[in-house]
Amino acid sequence: MSLTRHNDAQGRLWQGLSLRQKQVVWAWAFLAVPILFYGLIRFYPTVEAFVISTTRWNLMTPPAFVGLANFERLLTDPVFWKVFANTFLYLVIGTPLSLILSFVIAYHLDRVRFMHGFIRALYFLPFLTTAAAMAWVWRWFYQPVPIGLFNNLLAGLGIPQQPFLRSTTQALPAVLAPAIWAGLGFQVVIFLAGLRAIPTTYYEAARIDGLPDLAILRRITLPLLKPTIIFLVVFSSIGFLRIFDQVYNMTSQTSSDPGGPLNATKPLVLMIYQTAFSSFEMGYAAAQTVVLFLVLLCVSLLQLRLLRDR
Amino acid sequence: MSAIASPLSGRTGPGRILAWLLLFGGGLLMVTPLAFMFATSLKDSSEIYDLAFFPAHPTLENYVTVLSDGRFLRWFANSFGIAAVVTLSNVFFDSLVGYTLAKFQFRGRYLVFIAILSTLMIPTEMLVIPWYVMAKNFGWLDSYWGIMFPGLMTAFGTFLMKQFFETVPNDFLEAARVDGLNEFAIFWRIAMPLVTPALSALAIFTFLGNWTAFIWPLIVTTSKELYTLPVGLTSFAVEAQVQWELIMTGAALATLPTLTVFLVLQRYIVRGVVLAGLKG
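Residues numbered from 1 in each chain as written. Chains lettered and ligands numbered in written order. Predicted model: local features only at pLDDT ≥ 70, side-chain atom pairs only at ≥ 80, totals over all residues. Heavy atoms only, no water.

1. Re the packing of aromatic side chains
Between two aromatic rings, the relevant description is the distance of the centres plus the angle of the planes. Scanning all chains against the criterion turns up 64 aromatic pairs over all chains. Measuring from ring centre to ring centre gives 5.9 Å for Tyr99 of chain B and Phe104 of chain B, while their planes differ by 80°; the resulting arrangement is edge-to-face. Residue classification places Phe104 of chain B among the buried positions, given a relative accessible area of 0%. Taken together, the ring pairs connect Trp26 and Phe30 of chain A together with Phe92, Phe93, Tyr99, Phe104, Phe165, Phe184, Phe187 and Trp188 of chain B into an aromatic cluster. When the ring centre of Tyr107 of chain A is taken as origin, the NZ or CZ atom of Arg111 of chain A, which lies over that ring, is 4.2 Å away. (Phe/Tyr/Trp six-rings, centres within 6.5 Å; stacked < 30°, edge-to-face > 60°. Buried < 20%, exposed > 50% of the residue type's maximum accessible area, 1.4 Å probe, protein only. Lys NZ or Arg CZ within 6 Å of the ring centre and 35° of its normal.)

Structure (structure tokens):
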């Protein structure tokens, strides 16, 4: 009985609201669970990460506040600087190489009618694979003879065997190759969409003016593709700065710890993973995540800047 | 170079044919690792050292070996279930929030939008340590819920859906309102069907992303029964170190579902990538 009366009262209250007020109530009702989610699973942990970065904490004993000691330790940690350099190597080799390759492919593929969809699918397929699975396929390719494909090919050509993943100088490019390979198809598809969006009238006008192809490319295609290029530069930079799956799977067991040999392939995210979940130095690991955050923030801000200059 | 590159030269010609052949060859090179993976998964262990691409005696023995110990089927089911639940959650909540932000007028709307969007700036790697601590405190470590909870909603999906709901004409919603439908019914029965292309793009992306997700499931799970396929494959490959034909079989099993889905839904997936890429 009382429940009915309660409902009636609620009903009257609801009826008394204007259409506009009802909408506001609906809106906040729709947002209630998501706001709780974002608060608890995104914002609180973000603050928490900064807080943890100022502590020494192994999860067993209560965290001890140490101020900026973790960041000072980072500055003097040779492994960190090696890892930092590796991460930038992934970035500065991976991004331009994958972008140039994918642009050249998309630029030519755009003109192909015969089997266009099929060829595009060939380039796109690696994008749909699992990095962890493909890392093992490539790892197999890099094995010494008689197992490894690459060394067998080299042997066939009379070229000496290469250590690939076992070498401190070759391992990083060897890990990077499958990462570029896997992402290429995505970039080709995005470039193709960008090329399609350029109105053909520009090209027709250029042809009437008798512009050579290279000039058309430089003065029409590339400038009009700028938003696409900026998007892909940022997207792929962030991808290479966060590289993990490939490295973890291709270098585990080659030495005692992944990221080897001698930290030659270790990126920042792998160092974070090991510091936190192998050594359980939560504070030190959180400080490393703060560094990653700052680097990614710079990349994002640079993007905003470039887009504004458009 | 310029002969090949020419966008406006004649339809055919030696340059064009050469360009086509290079593109085609490049494409074949791209799928070579996948082809080798599948070919090797069909070889028996004695053939692994001879480098003929095609197995002399194709056999499904490796698949029987890998699938018969049951772990792969379990990991497969885990990955599928987790990706499916997370996808449903994202499709529902990202749309609901995107719709509310696109179609309702209320104070604080812009603030909510900016707050959600700002989470795109925060790399997941920064959150995994607090998430781990949270999961430990709440007893979520090593559970399905523990694997799923961080991904139930995403700012990217919300942003994508908001952009699309903005293209839905208000007249449709007003007409439904006049007919006496409540706001949730308007969202669910009128607005949602109008953005099906965006919903399928979001669903495909979320599913693929969760199917291949590696670092968080690796951190949060310790029992092998709870591993997702990528994490399970890693542990399997480490223990099967020298048996490359079995590792290739496992890798093939992890790859087959996404490739099959792609071959069936190729058109939608490519369009979805473009949609998401350009909107993102």
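Once the structure has been displayed, the description carries forward.
2. Side note on unusual backbone geometry
All names here are of chain A. Phi at Met115 is positive, roughly 60°, even though this residue is not glycine. Relative to the assigned elements, Met115 resides in the loop between α4 (78-109) and α5 (116-124). By relative accessible area, which is 31% here, Met115 ends up partly exposed. (Helix = DSSP H or I, 4+ residues; strand = E, 2+ residues; numbered from the N terminus.)

3. Section: the confidence of the model for chain B
Confidence in the prediction of chain B, expressed as mean pLDDT, is 88, and 94% of residues score 70 or more. Predicted confidence for residues 1-10 of chain B stays below pLDDT 50, and this span has 20 contacts to residues more than four positions away or in other chains. (pLDDT = per-residue confidence, 0-100. Contact = heavy atoms within 4.5 Å.)

4. Examining the packing of helix α3 (residues 69-76) of chain A against helix α14 (residues 282-308) of chain A
Residue and element names in this part refer to chain A. At a minimum axis distance of 9 Å, the contact between α3 and α14 shows a crossing angle of 75°. As far as their axial angle goes, α14 and α3 are roughly perpendicular. Contacts between α3 and α14 involve Asn70, Phe71, Arg73 and Leu74 from the first element and Gly283, Tyr284, Ala287, Gln288, Val290 and Val291 from the second. Residues belonging to the contact of α3 with α14 are distributed by class as follows: 6 nonpolar, 3 polar and 1 charged. (Axes fitted to C-alpha atoms, helices over the stretch in contact; angles between N-to-C directions. Parallel < 35°, antiparallel > 145°, perpendicular 65-115°, else oblique. Nonpolar A, V, L, I, M, F, W, Y, C, P; charged D, E, K, R; others polar.)

5. Some thoughts on empty space enclosed by the protein
Enumeration according to the criterion identifies 2 cavities of 30 Å³ or more in this entry. Space inside the largest cavity adds up to approximately 70 Å³. Lining the largest cavity are Trp140, Phe141, Ile147 and Leu149 of chain A together with Phe36, Thr40, Lys43, Ile48, Asp50, Leu51 and Ala52 of chain B. Each pocket or cavity is described by its volume, and for the second largest cavity that value is around 40 Å³. Lining the second largest cavity are Phe84, Thr87, Phe88, Leu241, Leu268, Leu292 and Val295 of chain A. Listing elements by their share of the lining of the second largest cavity, those giving two or more residues are α4 and α14 of chain A. Top element by residues in the lining of the second largest cavity is α4 of chain A. It accounts for 3 residues. Residues of the lining of the second largest cavity, tallied by class, amount to 6 nonpolar, 1 polar and no charged. (1 Å grid on protein atoms, 1.4 Å probe; cavity = no way out; pocket = protein on both sides within 12 Å on 5 of 7 lines; lining within 4 Å. Points joined across faces, edges and corners; volume = space filled by probe spheres on them.)

6. Digging into the environment of Asn90 of chain B
All names here are of chain B. With respect to the helices and strands, Asn90 occurs in helix α4 (residues 71-103). Asn90 gets classed as buried once you look at its relative accessible area, which sits at 0%. Those residues in contact with Asn90, other than ones at most four positions away along the chain, are Ser95, Gly151, Leu152, Met153, Thr154, Leu202 and Thr206. Here Leu152 takes part through its backbone oxygen, which lies 3.4 Å from a polar atom of the side chain of Asn90. (Polar contact = N/O pair within 3.5 Å; in protein donor to acceptor, adjacent residues only side chain to side chain.)

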